[in-house]
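# Structural features, examined
So the chains spell out like this:
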Amino acid sequence: MITTTAVPLPSSPSSEPHHRRRRIIKSSSSSSDEDSGQYPETYLVPPANLTTQERIHWFRSNLPAFQILKSDNLTSRFHNRARRFLLRNRCELRFFMTWISPATSFGNREFLAMESLFKSNPDACLVLVSRSLDSRSGHRILKPLLDRGFRAAAFAPDLSSLLRGTPAERWFEDLKTGEKDPGEIPLPQNLSNLVRLAVLYKYGGVYLDTDFIVMKSFRGLRNSIGAQSADSTEKWTRLNNAVLVFDKSHPLLLDFMAEFAATFDGSRWGHNGPYLVSRVVDRVGNGSSGRRNFTIMPPMAFYPAYWSKIGGYFRKPATKSDSRWVSAKLIQLSGKTFAVHLWNKESRNFRIEEGSILWRLISRHCIICQGIYR
């Protein structure tokens, strides 16, 4: 049985709705052996109302606190560790997630994303690109899945190495030396949008945010990006980068990284993520021919509920009409949806009510089924 208690959790960067919440927490540069590599800079943001030059000066003064920009003995082994893990396991599918927050923030909903991924894709491999999860705490989080034979691992990334040879290499090197304006949004959130592109370009596979319930195998998907919304003619109006499926070295990923480096704006939510992929695809076309061949999936594939309406998935039916709507929605999801985006920034405080759409989806797509979905 599923309980009706939900734990408030931080969202993946690309899932935040327009009404962005600003949070400032004092940073500390220390980290413990227990949770090596926590990201104290996750919520380190400059004071409000600074000019661009004042913000750059602030950034230079605080560079030592931004661990995500650093290379060390652990991060320098990222490529060899990731490559060995993927080759040794002969993965049918390669999934990647990023996690920029402390390991202690990786909660039940994030774990559900991994559970449902493996429920529908049992022969897949999952790489969590994360410094904080590349630790003993991270291993404890993954252990229930590892004990059941699923293949998952967390590796601390070396961004300099990951971006080498890409259109964003020079931009990142300038950022590391304090030559770029980091913007008002926490820098790691913006860098997560870039990291997912570089990881797919270097290794190929599926990138997935941590606020999804996976419902189907991704085996039949290739070089695909999802529409978040469409007009009455079913033409997409907004794409999203919370799910990306691309072959290694796909040229569209280079286009995305070039756009990131050329137009980076760290103060406008979505500009470097969902809006970026929308701008580029609008410019290059819908991918029906040429080297940039790719597919735009309809909203039902990954975003069946718009962020402002996701609350309906959490509420139990109160009337017979509600019950009929829930039953019809579940049938619709079972036919056309690969994964359901939960828009965690919007839904993080919602309770999962017994009998709701989400309650039923969790009961069908979990493996361990503990915590909020027990």
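Attention here is on the structure that accompanies the text. (Residues numbered from 1 in each chain as written. Predicted model: local features only at pLDDT ≥ 70, side-chain atom pairs only at ≥ 80, totals over all residues. Heavy atoms only, no water.)

Looking only at helices and strands, the chain features 13 helices and nine strands. Taken over 374 residues, the chain has a buried fraction of 59%. Partitioning the contacts of the chain with sequence separation of at least 6, the portion at a separation of at least 24 is 81%. Entry remark: accessible area of the chain is about 15800 Å², with carbon and sulfur atoms responsible for 48%. (Helix = DSSP H or I, 4+ residues; strand = E, 2+ residues; numbered from the N terminus. Buried < 20%, exposed > 50% of the residue type's maximum accessible area, 1.4 Å probe, protein only. Contact = heavy atoms within 4.5 Å. Areas by Shrake-Rupley, 256 points an atom, 1.4 Å probe, with all protein chains shown as cover.)

Okay, the pattern of salt bridges next. Scanning the model with the defined rule gives 14 salt bridges in all. As a salt-bridge pair, Asp 174 and Arg 170 come within 3.3 Å of each other at their nearest N and O atoms. Residue Asp 174 and its partner Arg 170 are located together in helix H6 (residues 169-176), separated by four residues, close to a single helical turn. Residue Glu 173 pairs with Lys 176 through a salt bridge whose shortest N-O separation is 3.9 Å. Placement of the pair is Glu 173 and Lys 176 together in helix H6, with a separation of three residues, close to one helical turn. Its relative accessible area of 31% is what places Glu 173 among the partly exposed residues. Salt bridges sharing partners connect three or more residues here, namely Arg 55, Asp 181 and Glu 184. (Salt bridge = Lys/Arg side-chain N within 4 Å of Asp/Glu carboxyl O.)

Below, the discussion takes up the sheet that holds strand S4 (residues 205-208). Across the sheet, which stays open at both edges, the seven strands sit in the order S3-S2-S1-S4-S7-S6-S8 with mixed pairing between neighbours. Strands with a single pairing partner mark the edges of an open sheet, and in this sheet they are strand S3 (151-155) and strand S8 (295-297). In this sheet, neighbouring strand axes are inclined to one another by 35° on average, regardless of whether the strands run parallel or antiparallel. Direction of pairing for S4 relative to strand S7 (residues 236-246): antiparallel, over a ladder of four bridges. Across the sheet, Tyr 207 pairs through a bridge with Leu 244, a residue of S7. Across the sheet, helix H9 (residues 274-284) is in contact with strand S6 (224-230), S7 and S8; its angle to S7 comes to roughly 105°. (Pairing = 2+ DSSP bridges. Axes fitted to C-alpha atoms, helices over the stretch in contact; angles between N-to-C directions.)

Below, the discussion takes up the pairing of S4. Strand direction decides the pairing type here: strand S1 (residues 94-98) and S4, joined by two bridges, are parallel. Among the inter-strand pairings, Phe 95 is bridged to a residue of S4, identified as Val 206.

Evaluation of the coordinates by the stated rule reveals 20 aromatic pairs. Through pairs of rings, three or more aromatic residues link up here, namely Phe 95, Phe 212, Phe 218, Phe 302, Tyr 303, Phe 338 and Trp 343. Sitting above the plane of the Trp 236 ring, Lys 235 keeps its charged end 5.2 Å from the centroid. (Phe/Tyr/Trp six-rings, centres within 6.5 Å; stacked < 30°, edge-to-face > 60°. Lys NZ or Arg CZ within 6 Å of the ring centre and 35° of its normal.)

This part covers the nonpolar core. In terms of nonpolar packing, the biggest core is built from 59 residues, with Met 114, Leu 117, Leu 126, Leu 128, Phe 218 and Phe 302 touching the most fellow members. Ranked by residue count, the leading element in this core is helix H3 (residues 108-120), at six residues. Grouped together as the second largest cluster of nonpolar side chains are 55 residues, Phe 59, Leu 159, Tyr 203 and Val 280 included. (Core = buried A, V, L, I, M, F, W, Y, C linked by side-chain atoms within 4.5 Å.)

Looking at helix H2 (residues 78-88), one finds that the buried residues are Phe 78, Arg 81, Ala 82, Phe 85 and Leu 86. Looking straight down H2, one finds its buried side chains confined to an arc of 120°; they lie on one side. In this structure, the buried residues of H2 make contact with S1, strand S2 (125-129), S3, helix H5 (159-163) and helix H7 (187-203). Two residues or fewer after H2 comes Arg 90, characterised by a positive phi angle close to 45°. (Arc of directions from axis to C-beta.)

Another aspect to go through is unusual backbone geometry. The residue Asn 223 is not glycine, and still its phi comes out positive at about 50°. One non-glycine residue with positive phi stands out, namely Trp 343, at about 50°. Along the polypeptide, Trp 343 turns up in the loop between strand S9 (339-341) and helix H12 (344-347).

This part is about the environment of Phe 246. Within the secondary structure layout, Phe 246 lies in strand S7. The spatial distance from the C-alpha of Phe 246 to the C-alpha of Arg 222 is 6.0 Å, given a sequence separation of 24 residues. Leave out the neighbours within four places in its chain, and Phe 246 touches Leu 200, Gly 204, Gly 205, Asn 223, Ser 224, Leu 252, Leu 253 and Phe 294.

This brings us to the packing of H3 against helix H13 (residues 357-365). Their axes nearest at 9 Å, the elements H3 and H13 cross at an angle of 55°. Put simply, H3 runs oblique to H13. Contacts from Leu 112, Glu 115, Ser 116, Lys 119 and Ser 120 of H3 reach H13 at Ile 362, Arg 364 and His 365. Of the residues assigned to the contact of H3 with H13, the class counts are two nonpolar, three polar and three charged. (Parallel < 35°, antiparallel > 145°, perpendicular 65-115°, else oblique. Nonpolar A, V, L, I, M, F, W, Y, C, P; charged D, E, K, R; others polar.)

Now for the state of the cysteines. In a disulfide, the sulfur atoms of two cysteines are covalently bonded to one another. Under the definition given, this model contains two disulfides. A disulfide bridge connects Cys 91 with Cys 125, and the sulfur atoms are separated by 2.0 Å. Linking Cys 91 and Cys 125, the disulfide has an S-S dihedral of approximately -85° and is accordingly described as left-handed. With Cys 91 in the loop between H2 and S1 and Cys 125 in strand S2, this residue pair connects regions lying 34 residues apart in the sequence. Residue pairing for Cys 366: its cysteine sulfur links by disulfide to Cys 369, the two sulfurs lying 1.9 Å apart. Since a negative S-S torsion denotes a left-handed disulfide, the Cys 366-Cys 369 link at about 95° is right-handed. The exposure class of Cys 369 is partly exposed, given its relative accessible area of 24%. (Disulfide = S-S within 2.5 Å.)

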